[in-house]
Structures are given as structure tokens and as C-alpha cells.
Amino acid sequence: MTELVLRADGLRIETERGAPIVESASFGLDRGEVLGIVGESGSGKTTTALALLGFAADGVRIAGGTVTVAGRELTGRPEAEIRPLRGSVISYVPQDPSVALNPSMRVGTLIGEILRTHAPDRNDAETVRAALRNLQLPADDAFLRRFPHQLSGGQQQRLAIAMALAAAPAVAVLDEPTTGLDVVTQARVLEEVKRLREASGISVVYVSHDLAVVAGIADRIAVMYAGSIVEIGSTSEILHRPRHPYTHGLISSIPDHAVPRRLRGIPGVAVGVGERPTGCRFAPRCPRRVEACETAIPALLQVAPGHDVRCIRAGDAPPVALEAAVRMREAAPPILSVRDLRAGYRSRAGEVVAADGVSFDVRRGECVALVGESGSGKTTIARVLVGLHKPDGGRIELDGRPLAATARARSREERRRLQVVFQNPYDSLNPRQTVETAIAGPLRFFGISHGRPARVEVAELLAKVRLPERLMHRYPAELSGGERQRVAIARALAAGPSLLVCDEITSALDVSVQAAVLEVLSDLRKELGLALIFISHDLGVVASISDRLLVLDRGRLCESGPVDDVLRSPEDPYTRRLLDSAPTLPVLAAHVDS
Amino acid sequence: MSASVSGRASGLLSRARPPLRAVRRELRSGEAAVGWIGLTAIVLLVIVGPAFAPAAPSDIVALPYATPGAGHLLGTDFIGRDVLSRVLNGGRSVVLLALAATVLAYLLGGTIGLVAGFVRGRTDGVLMRAVDVFLAFPHMLFILLLATGVGASWWVVVVGIGIIQSPQISRVFRAATLQLTGRGFVEAAVARGEATARILRREILPNIVTTFVADAGPRFTFSILTVAALNFLGVGLRPPAPDWAVMISENRPGLQVNVWGVIAPALLIAILAVSINLVGDAYARRRGISTDVDPAQP
Amino acid sequence: MPAVAAEDSATVGGRPGAVRRAVRAHPLAVYVVRRIVTGAGLAVVVSFLVFGATQILPGNAASSILGDKATPQAVALVTKELGLDRPIAVQYKDWIVSFAHGDLGNSFGSGFSVSKLIGIRAQNTITLALLALVLIIPVSIVIGVITGLRAGGALDHVFSVYSLVNIAIPEFVIGTLLIAVLAVRFHVFPAVSILPPDDPAISHPDLLVLPVLTLFIGAIAYNNRLVRAGVTEAMRSEYVKMARLNGLSESRVVWRHALPNALAPAVQIFASTVQWLLGGTIAVEVVFGFPGLGQGLVEAVNTRDIPVVQAIAMYIALVYIGINIVADLITVLLIPKLRTAQ
């Protein structure tokens, strides 16, 4: 048996006041292996990642357990002894390099510093250049003299990785290294990591919330929920036959453009630190719970060689069953028609073209998805449609009648029928208004009442988005991100729209929460015959709920058609590039019964 | 208050709406409590003090600079008037002038900031250029110039302080409004076609309250200290007004003989300013707003 | 999400390509020029303000000079004599032109040349301000850095309580208290700093101690807070956390990573201190009878000696604007992000 290069045993991490963040994490890493740690908000994965370097952020402390890397212990010893190991034996790649790189230090200095501290005999210009070239970064003098803000997002991240590898550590911990990068850059960075692993035999711990990304790179996966590892095993085992209900739910909620299907969310809300229930932490949300689940925390037990699960009902875990996505079949008359739309805006870099002669139709009850990377102009188009941004040219018609450019100039009816929901859940609601006030606002403004008091209407709308009535009296600060988005949807529905524009409404949410919100949206469409313009950068999400797909490349509509056709046989090279870069889980195809 | 009453009160308050819950939180912070005590004491003194003054502020009760004794518990000032009576009467001018100046500053600066932040575009540019000019001007200098032009009086002080504070206030309000107009819920209201006034009232103003309250403390303190300085220099109120700052100026020569003529009013000014700072700091800290001033704004 | 609000664009539209290229190649030079031009424009606008504010009620100047002898005929006569009845634009033009040539007019009160009157006063005030600055800057940096690095420690607590009280006490009270304690009670320093008329302040150091000390005490708490804020923010930053995760020694983290970023805004802080000093000396000079610009200004205001007021006001305002420009330029030079931004 090969000696484990990294070993974490019973790690317990608490806040200074004793509230547990990570309750018990134990796992090992073989030489040259990639272990993925997957979890959503509140799972404790980042805290665990930091603890692997013996590091605890402010207000947090490592209360128990051990971490050993290459035979050296990183826990339970004075800081002065652990410090030399960080960066040299085990190193860390941060999530957001734009703030993690010192803004007043140049590229050359940043790498040189690592060498000076950990490998002083190798601290020369040639080694620095080699470190950069290793990550496909330029190694000329001009580049060495640049400051971090003069690098692109992808370059910053590769620089961070170069710094992490400069002293040739045995283990590298990557903490969500591709969050915030666009899909194509993300794919490139992942390729780099894979290549480096082959070339140097370094062991990697890859932490992420994105199971699809992790599955593409990891040999083994550990799934974390509410502070503990609930399942750990080889990637294929986890994906083919997940035993823990949470893993099960996670897989059902992952969008994948290669396997378009209905997404199923996990009911309930992720638990925060300090709110954990007694007994199994997942029990309140678990479809398979029994009474015994709530009395004691299950132990992590082996169900197959190399596969451990923390669930007393792991034995009778059902297979993952996914439904194929449903598409709208009948042709209906168009409700919105956009012809030759031209719009742009001025940014610090000059004039940006957001829409360059874009034309499309949306039919009644149809869901049209608008896809593109950030900067492609999709948000501007959304804002033009709802009258928040003046276009430079083109026509927009609602039910055959031309729409005025600004919301104020449109008729009340027109404004009522076209509603919008935005991306940021922390933005979408007025923090000083209760849920009831927020939803009742449009009711009052548009003068909508079906002969019933507003409160009754609000309760009904909340029920439509599957939120309990008691949330009416809460303030947004008391709701989770997913709940807020659903309230924003309810508010938009209050006006009784025929067309809803959704601008990246789930991009800021956890995967399982996203699936829940999308489920609600699909059901609403069917129930109300609502047409939807769904804007997203995520092809998987789009595959699951839309009927037609429009692909936007820097303001130009480069491809459009029925979603399945476009995904299966894209014509435009840009579309093809997007599809190739998006991570997929081919194993999911095995779970779908068509 | 007995434990059960305060407990019940606090229990009631905890189920109440956020504004009332805030009161409960205030009572818990030690610093805020001290601040509120000091503030209440001074406010009481200012309001009811004159009624308790043993003598009229202009009455001569003994020899100049007499040390504390019967009939003049804090001694007498440079003419022979009772220091205690003058002190009890002297807070009104400071507090009222400062209040008036601060209110003026908020009306002026707040309106400019709100409009500039919401309407944006050219209006914003023009307004902010005008504001920049005032920011480039030393505060004291402006008021002194005004006083040269129209003569020393209390309203020069009020108008002057109001004007010199409005640029910073307008910046704060503008920044807050700009930040708010980009927020999703404001855009949703605009998309619904709601009128500007309605949006300002329902969506924006309630969210600016926090900024405003956190900002109000330091502003009011600044007004008080500046009013005091101007009165001291003889540019605002002048003798024989029983104003605290005027007293400090008048009674300086007799510092050696009777300190109270200077120390009493100085102490009261200090307590007032410190109390406001304590309360303001505690509030800002609770709301997570940094209590450290922006280095770019003096 | 991309910013879609139409911002005021810095790009030049419609200019010939060569200029545009030059502009983009030397952003720093462009910024310097722009800043100086803005400053000059500001100075002009300020001169309007200075001139305009003092002329709001022209009649009053004449009547206050005459005092009790102010009969309507006398007022009319003096007004004409001083040229106060001419159109405002003409008066302004004359004034600004002479000002540019260094002729500051004659005092209404004494008839002497204003430039002679304020010459030595300016010297004295500058001495006072510089001495105060030389004390304030190093001390507040040191204390700010210590309390920032050891936030929550003993010195931090002590100083924060001290600042709270200090910030709430106006300078004239501080000065008065210092006089009470150090001059009157203990006779350590003189109670007033009235200098012989033509002697520069620097030749009487004992008269300078208390005023400088007053200014020092007035500024130190505020500056310390700002420096401390910069330090704590830097220490809590992501890049400091990253430096620690890279195994760098704590001293390197503090000295090489945190402090350089923390002290970059120090320039603005100290610029604002200098500006504060320009205003703070006014009250302090009056308290100590110190013959500087501040005391001169207050006297002139009280006697409505308009040429003196205008001259001192312009002088102070110009210094104020100049300091802003210098501070902005230094800041841009120090912060890489600003230096290289397009």
C-alpha cells in the first residue's frame, strides 16, 4: 500500500465561541491523486481546505484532529513550526485571485518571494520564468514587471497556481479556483491543472460547489454537508451509484447540456453554522428519513471497498432516476417580436456593442433562452426589453403593437404584461419592506384585485412559488437566497404578466437551490401559460427548461433554433466552443429514462 | 426598572418591528448607554436649565471673579454675573444654532445628493462640479468671509455652517442613491413605470435612513464645535449673550482667580460632543458601517 | 454583471488619431496636466467667492470704518473714496489684476500696504504649522501603526478612549486649558505668545511651545484613527491572508505586504491635516495672541478691513488648493493601480 501523502483524521473546527463548523473530517490522499471535495454553502469545505494547511481564519480555531502531509504534522504545533511547511510542502490556490494577489507587488516579486522563502538556492530569474512558462504565461521582462490588476482573470488565476507550485510542494489545495471565470477560461484552467498533475505527479485537493467540474478532474470525491463528509468514494462510484440521499439529490439537480432533463431540487434550506439539527444533519430535508435519523449522528461506514457513507439507510439507496426534459410542442402565435435590435452602452473602455441587429420571436407559453458569456450583451438586451435601457435602433412588438423604448412611455397594460426578475438575490428586494409589502406593491400599483383583500392574493402568490404563508411578515434579511428569488418571482407574477424576463436569476444560488427555483418556474409556466425569456451563461440550466435557444456572441446572434437541435448539432463555431468548454457528466445519461 | 419589567419590555420590544428592536439593542451597549445618559442630561439642562437659574444671566451678583460661595455656586464672571446662571442659560444658543445649521445642511446637501444620484447624467455633473468648488474651500474661511460681508450675527453662523457641510452630505447622499438606483428592486419599480417621486419615497428614502442616521452624529458634533469656535472668535454671537463659547472667551483673563467661568462651559461643550459621538459610533458599529472617516474628506 | 449605466466617458471623441494615441500612451502626464488645469480653474472660481462674499453689503464697509462718525454723507464720501461705488465687475478686475502683480492694496484700517502687513504674519503662521506638522505626522503614524497592528490591545483601548474625548474638545478649549495648567498654574510657559512686531516667530521658541502643543493635541487623535483604519483594513485583506498561507514570516507579511498598502492613503490623510491646520491656527492664534495670519484675519473681519481679509483669504485658499493638487499627484504616483490605469 502506498504511503498516503496527505492524511486528515477527525478534523474538528469551531468558531471561537465553540459553534462547530467542521465536525469530523477524515480522508486520505494518495501520491498523484486528485481528491475533490464538493459541498454547498454551509458545508464547511473552505474551512476544511484551509485547515489542511494548518490555517484557521480570524474567529475560527482548529479544535481537534490531525493533518499530516508528507509525514509532517500541521496541527497541534506552534505556528512557527507550521509556517515553513505552508507553500513548500502543501500550498493553496485561492478562490479570487483579484483580491488575493497583493496589488502593489509585481509578478516577478510575487513568485520570487515564494522562492526566497522556501527554496532560496533556486531563487533566480530563470526559475521564476520557468514557473510562469509552466502555466503557459509569458515569461518576458515586461510581464514580470506587471501588477496583478494588469492581468486578465484567467492570467491572475494561472499566476496564483504558478505561485502555489513554485516551491514544488507535495500537495496543492485548490479552492474553487475557477469561480468567477467564464466557461471557456474555466475549461482552459482545468486543462492546465490536469496537465500539471500528469507532468509532476503532484497530489491535488480540489474544493468546489460544482460537482460537474469536480467530476471532470477528480479521481475520488468527498461530499460534504453541514460540516461532515457524508459520502466519499471513487468518482465513478459516486456518480453511478450514490448512496447518500444528499449526493443523490445533488446529482439530480446538476444541470448538464449533454443530458437535458428535468432538474429536481432538494426541498428545504441549507443549514448555517449554529443552526444544525440534532441527529443526522440532513434529516430535515431527507426524503428517506426515519425516526432513528433524528436521534443520533450516523457514523461514516464502508458500503463498498473505498466507498464510505454516513447514512443508516445507505443499504437501500435507490438508483438515480431522472426525467427527460419536456419541450413545448404546439406552435403558438408570437407574443413578442424583436426586429433588428441595436443597443450599446459606454463603459470606461469605450463604446460597447451589446446588441447588433438582433431579431427573434417569443411565442405564447414558450421559453426562449438567451445564452452567452459575460459581456455578450444579454443583460442589456433584457433591460431594453423591459424598458430600462434605450436602444439605438430596431423594433420591439408586443402582440403586434410596437413598444415604446422606455418603460415610462409604455402603457400600463404593456408594462404589466412584461415583467422582469434580476440576478442578484440580495438586490432584488427592498430591505425595508416585508415580503407582503413587496408583493402587494405591484398589485396596488396596477390596480389588480379580484375582489379579495391584498393579503389573500399575496398568500396565493406565495403558494404558487412554494413558499409558506408565514414568510409574509418577514424581511428580506431573514430569508435565504433561494427564498428571496422566489419572492421576487412572486412579485413579478403579481402583475399577471404574459411574459417574464429572467436575467440569470439562479446564477448566484447553490446548485440544489437553483434546481428548486427552476422547478417552480417550469410548473408556473405550465399552469399559467407564461412565456419566458431566460437569460443565462449556463448551458445545462438552459437545456433543462427552455424550448428554443439563442446564442449571443458579443452582440451578434450567431445561432438560434430548437434547444435540442442546437445542443446536439451546433452550426456556429462559437456555439461549438461554448459546448466543448462546458463541463458535462456523461454518466448522467445512464440515469435518464427516455 | 425592576428586572421583570425591563425583561417584559425587552420581550415586547423583541417581537416588535425592527425600529423598536433597535431601541432594545441600544440599551445593551455600554458605550451607547453612557452616550445617551450624557446626551439626555445636557438636553435636559438646555431645556429646563434656565428655570433653575438662581439669578438672571445679566444680573450682577457680586464682585468680578469671585470664587464659589453662597448665591454664586460657581463663582462670578469678569463683570460679576453668576456663572451658574449663565451656564444654565448658555446651552440653548449652542444647541439650537448647531441644530439649525445641521438641518439646513441636510436639506441642502440631501436634496442635491438625492437628485444628482437619481437623475444622473448632466445634472449630476453640473451639481457635483459646484459641490467640488465648495469642497476646495477652507471651512472657517468661508464663514469668516460671509461675516465680513454681512456682519457678525447668529444667522451668518447658521447659514455658513449649513453651506459648508452640505457638500460632504451631498456626496454621501449621492453615493447612497447611486448605489441604490442600481439595485434590482429599484429597477423593477422603474420597469413597472412608477413615477420618480413614488420611487424616491417608497424604495430609496427608507434605505437611506441608515446612512443618514449614522452620518448625523458626526455632523451635529461638527456643527456644535464650529458654532462654539465662531462664537468664541466673536463672529457669531457676541457679549453679553450667555453663550457657553462666549463665556470661555470673556472669562479667560480671570482663569487664575475663578476657573469655573471657563471650565464649566468648556466641560459642558465637551460632554455634549462626546455623548453624541458615543451614541453615533455605537449605532454605526452595529449597522456595520465603518466609523472611520474617509481620508479624502477632512 | 457589466456596468450598463452610461458613465461620463473619458475617451476623446472626434479628436485626431495622433492626439488620441499620445493621450493613451502617457496617462500619467495627462493626469498631471488635467489636475493642474482644474486647480487653476478652481482658483479663479475661488477668487470670485472671496471677492463676492466680502462685497455683499458694500455700504457696511464704509459705515463700519467710520464707526460712530457714520453720517450718510460721510458714508457716501468714504464709499466713493475707496472706489466701492464702481460696478462690481470693474472692482473685481482691478483687484484680481493687482493681486496677480503682488499688489494687495492698502488696509482700510491703518492705510499701510497689505503685503507688508501680512508678510511677517504669513511667516509666523507657516512656522507654527510646520512645527506642528513635524510633530503630528511621525507620532500619528507610529501610534496608528501600533494600534492598528495590535487592534484591541492595551494601547489601542487607551488611545481610543482618549481620542473619543479629544475629538470632542475644540482647539480653543484645549489651548485655554493648556494655558490654565502650564502657564497660569505652573508657570512653565508664557500664557500669551505676543511677539515683538517685526521678529520672526522662530526666534522666540518658548512662545511657540504652547500653540504648537495645542495644534498637536487637536490633530493627533483624528489622524491616528485614520492611519489605524488603513492598517487594520490591510491586515484583514485577502492578500495578507494569502501571504500567510504561502508561509511568509509574520514580519514580512506586516512590513512588505500590509503596511505599504496601508500607508498609501496616508498622503491624503496628511494633506487633509495640513488643510485642517490652516483653519485650526485661526482659533489657536486668537487664544494665544499669536501674530499670524489667523489672528490677522479675525481682526480684519471684526473691523471690516476688506483688503486685508481678501488678501489673507486668497492666500490661504490658494495654499489649500495647491496642497490638494500635490497630494493627488503623490497618491497617483504611489498607487500602482492608479498609475497604470487607462
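Residues numbered from 1 in each chain as written. Chains lettered and ligands numbered in written order. Predicted model: local features only at pLDDT ≥ 70, side-chain atom pairs only at ≥ 80, totals over all residues.

Chemist: Any chance you could explain the overall build of chain B here in plain terms?
Modeler: Secondary structure assignment for chain B yields eleven helices and zero strands. When the elements of chain B are put in sequence order from the N terminus, they spell out α-α-α-α-α-α-α-α-α-α-α. Considering chain B as a whole, with its 298 residues, one finds that 50% of them fall into the buried category. (Helix = DSSP H or I, 4+ residues; strand = E, 2+ residues; numbered from the N terminus. Buried ≥ 20, exposed ≤ 12 C-beta atoms within 10 Å, placed from the backbone.)

Chemist: It is not clear to me how the overall build of chain A should be interpreted in this structure. Could you clarify?
Modeler: The helix and strand tally for chain A stands at 20 helices and 24 strands. Here the C-alpha atoms of chain A give a radius of gyration of 25 Å, agreeing with the 25 Å that 2.2 N^0.38 yields for 594 residues. Out of the 594 residues in chain A, the part that is buried amounts to 51%. Taking contacts inside chain A between residues at least 6 apart in sequence as the whole, the part at least 24 apart equals 68%. (Rg over C-alpha atoms; globule rule 2.2 N^0.38 Å. Contact = placed C-beta atoms within 7 Å.)

Chemist: What is the right way to look at the environment of Leu-85 of chain A in this model?
Modeler: Tracing the backbone shows Leu-85 of chain A in the loop between α2 (79-82) and β6 (90-93). In sequence terms Leu-85 of chain A and Val-69 of chain A are 16 residues apart; their C-alpha atoms lie 9.1 Å from each other. Excluding residues within four positions of it along the chain, Leu-85 of chain A makes contact with Arg-72, Leu-74 and Ile-90 of chain A together with Gly-247 of chain C.

Chemist: Just to check I follow, could you spell out the interface of chain C and chain A for this structure?
Modeler: Often, the extent of an interface is quoted as the loss of accessible area on bringing the components together. In this complex, chain C contributes 23 residues to the contact, which on the side of chain A involves 36 residues. Elements that contribute at least two residues to the side of chain C that touches chain A include exactly α10 (238-245), α11 (250-263) and α15 (336-340) of chain C. A total of four residues in the side of chain C that touches chain A trace back to one element, the largest contributor, which is α10 of chain C. Its residues assigned to classes, the side of chain C that touches chain A shows twelve nonpolar, eight polar and three charged. (Nonpolar A, V, L, I, M, F, W, Y, C, P; charged D, E, K, R; others polar.)

Chemist: I'm lost on the packing of helix α14 (residues 435-445) of chain A against helix α16 (residues 481-494) of chain A in this one. Help?
Modeler: When two helices pack together, their arrangement is given by the angle between the helix axes and the distance between those axes. Residue and element names in this part refer to chain A. With their axes 7 Å apart at the nearest point, α14 and α16 run at an angle of 25 degrees to one another. Between α14 and α16, the angle falls in the class roughly parallel. Pair α14 / α16 crosses with right-handed handedness. Residue-level inspection shows Val-435, Ala-438, Ile-439, Pro-442 and Leu-443 of α14 in contact with α16, the latter providing Val-487, Ala-490, Arg-491 and Ala-494. (Axes fitted to C-alpha atoms, helices over the stretch in contact; angles between N-to-C directions. Parallel < 35°, antiparallel > 145°, perpendicular 65-115°, else oblique. Left-handed = near helix turned anticlockwise from the far one by under 90°.)

Chemist: Explain the nonpolar core to me, please; I cannot follow it from the model alone.
Modeler: As a rule of thumb, soluble globular proteins bury nonpolar side chains together. Residues Val-173, Val-205 and Ile-533 of chain A, Ile-143 of chain B together with Ile-312 of chain C are the most contacted members of the largest nonpolar core, which totals 340 residues. If you count residues domain by domain, this core takes at least three from each of domain 1 (4-97 + 172-316) and domain 2 (358-389 + 405-546) of chain A. Discounting chain neighbours no more than four positions away, the residues touching Val-205 of chain A are Leu-29, Leu-35, Ile-37, Ala-49, Leu-52, Val-171 and Val-173 of chain A. (Core = buried A, V, L, I, M, F, W, Y, C linked by C-beta atoms within 7 Å. Domains from an automatic or database assignment.)

Chemist: So what exactly am I meant to see when it comes to α11 of chain C here?
Modeler: Since the α-helix packs 3.6 residues into each turn, any two residues three or four apart lie on the same face. Residues and elements named next belong to chain C. Over its 14 residues, α11 extends 18 Å from the first C-alpha to the last, a length consistent with the 20 Å expected when each residue adds 1.5 Å. The sharpest bend along α11 measures roughly 25 degrees and falls at His-257, with the proline Pro-260 sitting one to four residues further on. Three or more residues of α11 are buried, namely His-257, Ala-258, Leu-259, Asn-261 and Ala-262. The secondary structure elements touched by the buried residues of α11 are α6 (114-149), α9 (205-235) and α10. (Expected span 1.5 Å × (residues − 1). Bend = angle between axes of the 7 residues up to and from the residue.)

Chemist: Sorry, what's going on with the interface of chain C and chain B here?
Modeler: At the junction of the two partners, chain C supplies 51 residues and chain B supplies 42 residues. Here the side of chain C that touches chain B takes ten residues from helix α12 (residues 266-288) of chain C, the largest share from any one element. Residue composition of the side of chain C that touches chain B, by class: 38 nonpolar, ten polar and three charged.

Chemist: Would you mind showing me how to read the sheet that holds strand β15 (residues 350-363) of chain A here?
Modeler: Sheets are built from strands that pair by backbone hydrogen bonding, the pairs being arranged parallel or antiparallel. All names here are of chain A. One open sheet holds the four strands; their spatial order is β15-β14-β17-β18, and the pairing between them is antiparallel. Two strands in the sheet have a free side with no partner beyond their single neighbour: β15 and β18 (401-402). Where strand β17 (residues 393-398) meets β18, two bridges bridge the pair, whose relative direction is antiparallel. By the bridge assignment, Glu-397 is partnered in β18 with Pro-402. (Pairing = 2+ DSSP bridges.)

Chemist: Please clarify how the domain arrangement of chain A should be interpreted in this entry.
Modeler: All names here are of chain A. Along its sequence, chain A is carved into domain 1 (4-97 + 172-316) and domain 2 (358-389 + 405-546). Taken over C-alpha atoms, the centre of domain 1 sits 33 Å from the centre of domain 2. Across the boundary between the two partners, domain 1 contributes 21 residues, which contact 18 residues of domain 2. Per element, the largest residue contribution to the side of domain 1 that touches domain 2 is three residues, and it comes from helix α11 (residues 245-253). By residue class, the composition of the side of domain 1 that touches domain 2 is nine nonpolar, six polar and six charged.

Chemist: Please clarify how helix α3 (residues 30-52) of chain B should be interpreted in this entry.
Modeler: Between its first and last C-alpha atoms α3 of chain B spans 31 Å; for 23 residues at 1.5 Å apiece the expected length is 33 Å, and the two agree. Looking at α3 of chain B, one finds that the buried residues are Ala-32, Gly-35, Gly-38, Ile-42, Leu-45 and Val-46 of chain B.

Chemist: I tried to follow the environment of Asp-9 of chain A on my own but got confused; where do I start?
Modeler: Residue and element names in this part refer to chain A. Mapped onto the elements of the fold, Asp-9 is located in strand β1 (residues 6-15). A sequence separation of 17 residues divides Asp-9 from Ser-26, and the C-alpha atoms of the two residues are 4.4 Å apart. Not counting residues within four places of it along the chain, the set of residues in contact with Asp-9 comprises Ser-26, Gly-65 and Thr-66.

Chemist: What should I look at first to understand the sheet that holds strand β20 (residues 499-503) of chain A in this one?
Modeler: Residues and elements named next belong to chain A. If you trace the six strands from one edge of the open sheet to the other, you get β19-β20-β21-β16-β22-β23, paired in mixed fashion. One side of each edge strand has no neighbouring strand; the edge strands of this open sheet are β19 (418-421) and β23 (556-562). Pairwise comparison of adjacent strand axes, ignoring direction, gives a mean angle of 15 degrees for this sheet. The sheet strands contacting helix α12 (residues 378-386) are β16 (367-371), β19, β20, β21 (531-536) and β22 (548-553), and the helix crosses β20 at an angle near 150 degrees.

Chemist: Explain the packing of helix α6 (residues 139-150) of chain B against helix α2 (residues 27-54) of chain C here, please?
Modeler: Orientation of α6 of chain B relative to α2 of chain C, taken along the N-to-C sense of each, is 35 degrees, at an axis distance of 7 Å. Across the interface between the two elements, Leu-145, Leu-146, Thr-148 and Gly-149 of chain B of α6 of chain B pack against Val-50, Ala-53 and Thr-54 of chain C of α2 of chain C. Looking at the contact of α6 of chain B with α2 of chain C residue by residue, the classes come out as four nonpolar, three polar and no charged.

Chemist: What exactly am I supposed to notice about unusual backbone geometry here?
Modeler: Note: most residues except glycine have negative phi, and most peptide bonds are trans. That bond from Pro-239 of chain B to Pro-240 of chain B is cis: its omega, 10 degrees, falls within 30 degrees of zero. Positionally, Pro-240 of chain B belongs in the loop between α9 (196-233) and α10 (244-251). Of note, Glu-176 of chain A is a non-glycine position whose phi angle comes to about 45 degrees, a positive value. Locating Glu-176 of chain A in the fold gives a position in the loop between β7 (171-175) and α8 (183-200). Overall, the presence of 19 C-beta atoms within 10 Å leaves Glu-176 of chain A in the partly exposed class. Positive phi, close to 55 degrees, is recorded for Asp-340 of chain A, a residue that is not glycine. Inspection of the secondary structure puts Asp-340 of chain A in strand β14 (residues 334-347). A residue is classified by how many C-beta atoms lie within 10 Å of it, and Asp-340 of chain A, with 13 of them, is partly exposed.

Chemist: How should the confidence of the model for chain B be read in this particular structure?
Modeler: Low pLDDT means the predicted coordinates in that region are not meant to be read closely. Residues and elements named next belong to chain B. Overall, the prediction assigns chain B a mean pLDDT of 80, with 86% of residues at 70 or greater. A low-confidence stretch, residues 1-16 stays under pLDDT 50, and its non-local contacts, those more than four residues away or across chains, total nine contacts. Segment residues 290-298 is flagged for pLDDT under 50; beyond a separation of four residues in sequence, or across chains, it makes 17 contacts in the model. The ipTM, which scores confidence in the relative placement of chains, is 0.82 for this predicted complex, and the corresponding pTM is 0.81. (pLDDT = per-residue confidence, 0-100.)

Chemist: In this structure, what is going on with the pairing of β17 of chain A? I would like to understand it.
Modeler: On any regular strand, side chains alternate: one points to one face of the sheet, the next to the other face. Residues and elements named next belong to chain A. By the bridge criterion, five bridges tie β14 to β17 in an arrangement that is antiparallel. Its bridge partner being in β17, Arg-339 is matched across the sheet by Arg-395. Following β17, the chain reverses through two residues before pairing antiparallel with β18; Asp-399 in that reversal takes a positive phi of roughly 55 degrees.

Chemist: Teacher, can you tell me more about the pairing of β20 of chain A here?
Modeler: Residue and element names in this part refer to chain A. With respect to burial, β20 is a largely interior element, five of its five residues being buried. Residue alternation in β20 divides its side chains into two sets, Leu-499, Val-501 and Asp-503 and Leu-500 and Cys-502, and both sets are buried. In this structure, β19 lies alongside β20, joined through four bridges in parallel fashion. What sits directly across from Val-421, in β20, is Cys-502. Inspection of the sheet shows β20 paired to β21 by five bridges, in the parallel sense. Paired with Leu-499 across the strands is Ala-531, a residue of β21. Handedness of the crossover joining β20 and β21 through helix α17 (residues 511-528) is recorded here as right-handed. (Right-handed = clockwise from strand over helix to strand, strands pointing away.)

Chemist: How should I be thinking about the environment of Ala-459 of chain A in this particular structure?
Modeler: Residues and elements named next belong to chain A. Within the fold, Ala-459 resides in helix α15 (residues 454-464). The exposure class assigned to Ala-459 is buried, which follows from the 20 C-beta atoms found within 10 Å. The spacing of Ala-459 and Arg-470 is eleven residues in sequence and 8.8 Å in space, taken between C-alpha atoms. Not counting residues up to four positions away in its chain, the partners in contact with Ala-459 are Glu-469 and Met-472.

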